[in-house]
There are 2 protein chains.
Amino acid sequence: MNSDELRLARAYLSRVAEPPALALTAFVAEVGPVEAAARVRVGEVPSAVDVQTSARRAEDRAAFDLDLVTEAGGRLLIPEDEEWPKWPFNALAIAAANGLRCGLEPLALWVRGSHDLAALTRRAVAVVGSRAASDYGRHVAGEFGFGLAGAGVTVVSGAAYGIDGAAHRGALAADGPTIAVLACGVDTAYPAGHRVLIDHIAAQGLVVSEYPPTHSPARHRFLTRNRLIAALSEGTVVVEAGRRSGAKNTAASTSALGRVLMAVPGPVTSASSLGCHELLRSGEALPVTSVAEVLESTGRLGVDLVEATRDTGTGPPQGDAMRVFEALGLSFGCSPEAVSVESGVELKRVRALLPQLELAGLAERTESGWKRSQEATWRGDT
Amino acid sequence: MNSDELRLARAYLSRVAEPPALALTAFVAEVGPVEAAARVRVGEVPSAVDVQTSARRAEDRAAFDLDLVTEAGGRLLIPEDEEWPKWPFNALAIAAANGLRCGLEPLALWVRGSHDLAALTRRAVAVVGSRAASDYGRHVAGEFGFGLAGAGVTVVSGAAYGIDGAAHRGALAADGPTIAVLACGVDTAYPAGHRVLIDHIAAQGLVVSEYPPTHSPARHRFLTRNRLIAALSEGTVVVEAGRRSGAKNTAASTSALGRVLMAVPGPVTSASSLGCHELLRSGEALPVTSVAEVLESTGRLGVDLVEATRDTGTGPPQGDAMRVFEALGLSFGCSPEAVSVESGVELKRVRALLPQLELAGLAERTESGWKRSQEATWRGDT
């Protein structure tokens, strides 16, 4: 089975079902993409898959779509590629295993731009917020985008008006990488007023979508798209959000995926900050007021944490992740509550950090609770 | 022993030692104020008390001070009076028992104004912040002062320029009660530019000080004074605070006394909000953006909580205090960690609420942890 065959199969499947298509995804995992595509084409599929694919199964334009995306300076990324963001998408797999809809891994990703997606998401933070942003919010989003990009962190956002656009522009101004995740085909600029911005993002970073070329945006597609913004990032900063802002949906996905949710405080007299203050008051989000605080609250644990262990020797532990890691037992499992008490890191944050430490290979779940992984114990000895 | 004798003794003791005078306070508790005053006068005291009183023990002007405060429209309140804020000062006793300096109960309080201090502090919230406040901060402080006073809550503050003054003025504008706790004698207006404001506060509320008439303010007196602002209030709202603001000292006393610490978010671009954001980021303070949220986060538990239990019947629990109360066992003690898990209220907040429930007679400490008090169990049955 060659790579072209796989890519054609996934291109077809990407158009045939509207994400998130749970049954189809499970079917692909079971029989493989090539056989899945062949059987969808002829309608020989389980009934749950048929429900998701019967309407569009005759739309077999995979080769044409691949040509379209090539013309737009893009390509189709598939899970079989080296460039697939396997590491960030681990969080989706965990969420899926816990029965969360936001945990569905995409069947493929259409991308525009020459960067390597896996490399670009090695250190990435989402900066999102209202389209109806205030001057204050746009200013902060721009500063955060600029500062994060300057620190070598990829700024992920949704290319919308307001906060998203300001964050992307800040990153571009720093000559840094930025990723726009669209709710429409990557050959389609939405919003139309951001066509030039989206072209710049494709030139300097990546424009990414789960939707095939020519697909137009729709409300439910923004919600589906938001999980990818959260998944591709180590944490999400909500800069401004009204009470009903779509950014709150990205915030919910961020928490569900076990990533760090952050919110920027603003004037309590501003309706644009209502959603952020709700997230802060409920304790869902950590307040962040500067790029340094965003970096302090995120950080790729598998890399930074181990580096910190190695470099500082007998120095003080760095950050909450380190404190949580150090509170873990070497041979016996501990409950998150016990780890919270031991580390002095609040329970909510411990609950968010443990799965990250697990992904980083530093912690593992046992029947009696969480403990350091063998690997981490070994690394600690070096 | 009559009341005049007690008052003269405490007036003398109030001038003779600089608060907080731990040894003198313990000596008064041991031998009573009249004997303590008599023995301090002649220097027949334990050496620790002598250190605190020898410099001023000849300044026996108690009668003169009482005349001065009467002339200023005031009086001396002593712990033996009905009007003594016994309930709020319970928190001081608990803190003192835990060895905290901020837990020292004053030997007496000089007050100006006709209100009853115990009545005025039955429902009181402190609103404090920087002298160097921004327009935003003064606006919010004024709105909070106005709204709290309108809700029947006494606004406690320090009469300083900036946030304090705006909070007092807001309360006065609502024709509501407000208390200014000074770091100098109540016959002395400090800052001088707030003489008219302080007179208004005395006319409509109370001006209170631990220091005898004619005492001038000093830096250490502001710090000592701050514990009384915290103790007289169910919670403290920090509206704006720079990184080194004195309001952070009031915030620390608030937490140490187990009272609710709140902070108002502001623009992250404003240096005046730095201190508030630090308190939010460290988790010491709850974010509050409106008077309604301040009321939700405070509430006199001995009254409101029991009322809620009675009134709502099978209705949903109201507020964190109720959730914590309901998570407590009837016969077995639980750790704060277990209560946090059971109630879903975060550990830090559980730790703050348990002593309040204890003061309200609803919870008690046992060797195995916290449980509902017998009294609360009985009340729950009605």
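Up top is the structure these notes are about.
What you are looking at is a predicted structure, and each value in this text was computed from that prediction instead of being measured.

What counts as what
Residues numbered from 1 in each chain as written. Chains lettered and ligands numbered in written order. Predicted model: local features only at pLDDT ≥ 70, side-chain atom pairs only at ≥ 80, totals over all residues. Heavy atoms only, no water. Helix = DSSP H or I, 4+ residues; strand = E, 2+ residues; numbered from the N terminus. Buried < 20%, exposed > 50% of the residue type's maximum accessible area, 1.4 Å probe, protein only. Disulfide = S-S within 2.5 Å. Pairing = 2+ DSSP bridges. Least-squares fit on C-alpha atoms with pLDDT ≥ 70 in both. Contact = heavy atoms within 4.5 Å. Axes fitted to C-alpha atoms, helices over the stretch in contact; angles between N-to-C directions. Parallel < 35°, antiparallel > 145°, perpendicular 65-115°, else oblique. Left-handed = near helix turned anticlockwise from the far one by under 90°. Nonpolar A, V, L, I, M, F, W, Y, C, P; charged D, E, K, R; others polar. Buried area = accessible area lost by both parts, 1.4 Å probe. Salt bridge = Lys/Arg side-chain N within 4 Å of Asp/Glu carboxyl O. Polar contact = N/O pair within 3.5 Å; in protein donor to acceptor, adjacent residues only side chain to side chain.

Participant: What exactly am I supposed to notice about unusual backbone geometry here?
Facilitator: With the exception of glycine, most residues fall at negative phi, and the peptide bonds are largely trans. In the segment running from A:Tyr190 into A:Pro191, the intervening peptide bond is cis, with an omega of -5°. By the secondary structure assignment, A:Pro191 is in the loop between strand 5 (178-182) and helix 10 (195-204). A positive phi is found at B:Thr214, a non-glycine position, where the angle reads about 70°. Exposure remark for B:Thr214: the relative accessible area of 43% places this residue in the partly exposed category.

Participant: Help me understand the state of the cysteines, please; the structure alone is not making it clear to me.
Facilitator: Here is the idea: a disulfide is a covalent bond, and it sits between the sulfur atoms of two cysteines. Applying the stated criterion across every chain, the model contains zero disulfides over all chains. Here B:Cys276 is not disulfide-linked; the sulfur of A:Cys276 is the nearest cysteine sulfur, at 17 Å.

Participant: Sorry, what's going on with the sheet that holds strand 6 (residues 206-209) of chain B here?
Facilitator: Strand pairing in a sheet relies on backbone hydrogen bonds. The paired strands run either parallel or antiparallel. Residue and element names in this part refer to chain B. In spatial order, the strands read 1-2-6-5-4-3-7-8-9; together these nine strands make up an open sheet with mixed pairing. Single-partner strands in this sheet number two, and they are strand 1 (74-77) and strand 9 (286-287). With four bridges connecting them, strand 1 and strand 2 (residues 109-112) associate as antiparallel partners. Bridging from a neighbouring strand, Arg75 pairs with Val111 of strand 2.

Participant: Could you clarify how one ought to interpret the relation of the copies chain B and chain A in this entry?
Facilitator: The relation between the two chain copies is a rotation about an axis coupled with a shift along that axis. Note on the copies: chain B fits chain A at an RMSD of 0.1 Å, the axial shift is 0.0 Å, and the rotation between them is 180°. Taken together, the rotation and translation describe the operation of a two-fold axis. The rotation axis passes nearest to the C-alpha of B:Gly266 in chain B, at a distance of 2.3 Å. Most of the interface of chain B is mirrored in chain A, where 100% of its interface residues again form contacts.

Participant: Mind showing me how you'd approach the environment of A:Arg221 here?
Facilitator: All names here are of chain A. With respect to the secondary-structure elements, Arg221 resides in helix 11 (residues 219-231). Exposure remark for Arg221: the relative accessible area of 9% places this residue in the buried category. Leaving out residues up to four positions away in the same chain, Arg221 has contacts with Glu18, Arg56, Ala183, Tyr211, His215 and Ser216.

Participant: Explain the packing of helix 17 (residues 336-343) of chain A against helix 18 (residues 347-359) of chain A here, please?
Facilitator: Packed helix pairs are specified by the crossing angle of their axes together with the interaxial distance, meaning the distance between the axes. Residues and elements named next belong to chain A. Axis separation between helix 17 and helix 18 bottoms out at 9 Å; the angle between their running directions is 115°. Considering the angle they form, helix 17 stands roughly perpendicular to helix 18. In this structure, helix 17 meets helix 18 at a crossing whose hand is right-handed. In contact with Pro336, Glu337, Val339, Ser340 and Ser343 of helix 17, helix 18 contributes Leu347, Val350, Arg351 and Leu354. Tallied by class, the residues present in the contact of helix 17 with helix 18 amount to five nonpolar, two polar and two charged.

Participant: Help me understand the interface of chain B and chain A, please; the structure alone is not making it clear to me.
Facilitator: How large an interface is tends to be reported as the accessible area lost when its parts come together. Across the contact, 22 residues belong to chain B and 23 residues belong to chain A. Here chain B and chain A share an interface that buries about 1,900 Å² over both sides, 63% of which is from carbon and sulfur atoms. Linking chain B with chain A are four salt bridges, by the criterion used here. Linking A:Glu293 and B:Arg281 is a salt bridge whose minimum nitrogen-to-oxygen distance equals 3.6 Å. Remark: the boundary between chain B and chain A carries eight residue pairs in polar contact (both at pLDDT 80 or more). Among the secondary structure elements, those contributing two or more residues to the side of chain B that touches chain A are helix 8 (135-150), helix 13 (274-281), helix 14 (291-297) and helix 17 (336-343) of chain B. Taken together, the residues of the side of chain B that touches chain A sort by class into 10 nonpolar, six polar and six charged.

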